[in-house]
Every structure is written in C-alpha cells, then in structure tokens.
Amino acid sequence: MSHAILDLLNQVMSSPWLYLALFALALLDGFFPIVPAETSVITAGVFAASTGEPALWLVMVVAALGAFAGDHISYAIGGKAGRRLHGKKSYAWAQQALAERGGLLLVVARYIPGGRTAATLTMGAVRYPRRSFAFFDAIAAGSWAVYSALIGFFGGMAFENDPIKGLLLGLGIAVSITVLVEVVRWVRKRRSQGSHRALVAAAQGAQGDS
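Fair warning: this is a prediction, and the values are worked out from it, not measured in the lab.

With that settled, consider the packing of aromatic side chains. For the coordinates displayed, the defined rule picks out four aromatic pairs. Pairing Y75 with F133 gives two aromatic rings, centres 4.5 Å apart and planes at 40°, and the pair type is tilted. Residue Y75 is located in helix α4 (residues 56-81), and its partner F133 is located in helix α8 (residues 130-158); the two are separated by 58 residues in the primary sequence. Assessed through its relative accessible area of 0%, F133 is described here as buried. Relative to F136, the ring of F135 lies with its centre 5.2 Å away and its plane at 80°, an arrangement referred to as edge-to-face.

Here is the structure:
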C-alpha cells in the first residue's frame, strides 16, 4: 500500500502540472482555509530533497504567488461583505490585532490557524489601504512559501531514502510550530487579562480609600 502511495506521489511530483496545482491550492486557501495548501507545499519540498523533483525554488515562487493572489481575493470579499462581518469573533480579534500591529498583522496571522482569512477579510472590510496591504502581504506570502517548502525540504533530507518518513517529519514540525505559536498567544492573553484585572482592582481600591 505504501509503495502504491509513494509511486503515485512520485508521478504527481514529477508532473509539470504540479506547479499549477500548488498555485491553485495556495490561492483557494486564501478564502477557503480547509484547502491543504501548506501540506501540499511541504510535500513538494520533501520530494525536492528526496528525488530532485519538483524544483524547490519554483515551488516557493508559485506558492507565494498563489497565496498573494488568494489574499487579495479575500480582501475584496471583505470589502464587499463589510458590516456583515461585524460581531464575529474572528473579525473582532483581527480588528483588535490590526489596531495594535497594523500591516504586520498579515505576517503574524499567516502562522495562526484561521488567522490569515480573518485578517484579510477584516482589512478589506475596514478599507485598509490596498498598497500597504499588498506590501505586507507580499512579505507574508513569501515568508510562508519559503517556510513551508524548507520544512519539507529538510524533512526530505533527513530521510532521503524514505520520502514518507520525511513527509511525516515535515508535517510534525509544522504542527509543532503551530501549537507553540498558539500556546504563546494563550499565555500572553492570560497575562494581559491578569494585568488588566490587577489594574482594575487597584483603581477600585484607590477609589475605596479616597
């Protein structure tokens, strides 16, 4: 069974249509986050190290371009949806993060599950300047493509003769990084809430003493 899967993957990875597929998946992932774009790029990176196909640099380029295009479609959808996004938790999170980080939100949100779509939709809804959006999104899309492809590539190098193990290693690293990011976000949120409660309590205590 594993040999059949490996043979199928080898055929897919050596096909020139792969690059179009990677572009399409990265594009769709911009507004339909269930699409496994990152997994596909990691897989391509694994086989680039194990078999030499596909070309790693081209995987990065088409993935980045697809992500960039998909984010702009999501931005346009956000501009059309406008007020209908209000009241949703993801919208509220993205709006607050946008106020705190500005365009850097796009780079940060790229590595947060569901954050990318929430950020691009919100920036479209609030009419964030398109030129600034394109600038920060180019950084976000490019860094994501390089990060995903290199994770796969190093996984493939670690198990050069067994691409399946290399793929599992690459996916494991990606999941671990995602979990770490979420843990850091949760800890920072808890600390922020704790500091806020302490300030409120101190203010109430001061009012009580006066």
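L22, V41, V59, W144 and A149 are the most contacted members of the largest nonpolar core, which has 27 residues in total. Filtering out sequence-adjacent residues up to four positions away, V41 remains in contact with L22, V59, A63, W144, A145, S148 and A149. Within the second largest apolar cluster, 13 residues are counted, among which are Y75, A97, L98 and M123.

Tracing the chain through its elements places I139 in helix α8. Assessed through its relative accessible area of 40%, I139 is described here as partly exposed. For the pair formed by I139 and L104, sequence separation is 35 residues and the distance between their alpha carbons is 9.2 Å.

The rules behind each value
Residues numbered from 1 in each chain as written. Predicted model: local features only at pLDDT ≥ 70, side-chain atom pairs only at ≥ 80, totals over all residues. Heavy atoms only, no water. Phe/Tyr/Trp six-rings, centres within 6.5 Å; stacked < 30°, edge-to-face > 60°. Helix = DSSP H or I, 4+ residues; strand = E, 2+ residues; numbered from the N terminus. Buried < 20%, exposed > 50% of the residue type's maximum accessible area, 1.4 Å probe, protein only. Core = buried A, V, L, I, M, F, W, Y, C linked by side-chain atoms within 4.5 Å. Contact = heavy atoms within 4.5 Å.

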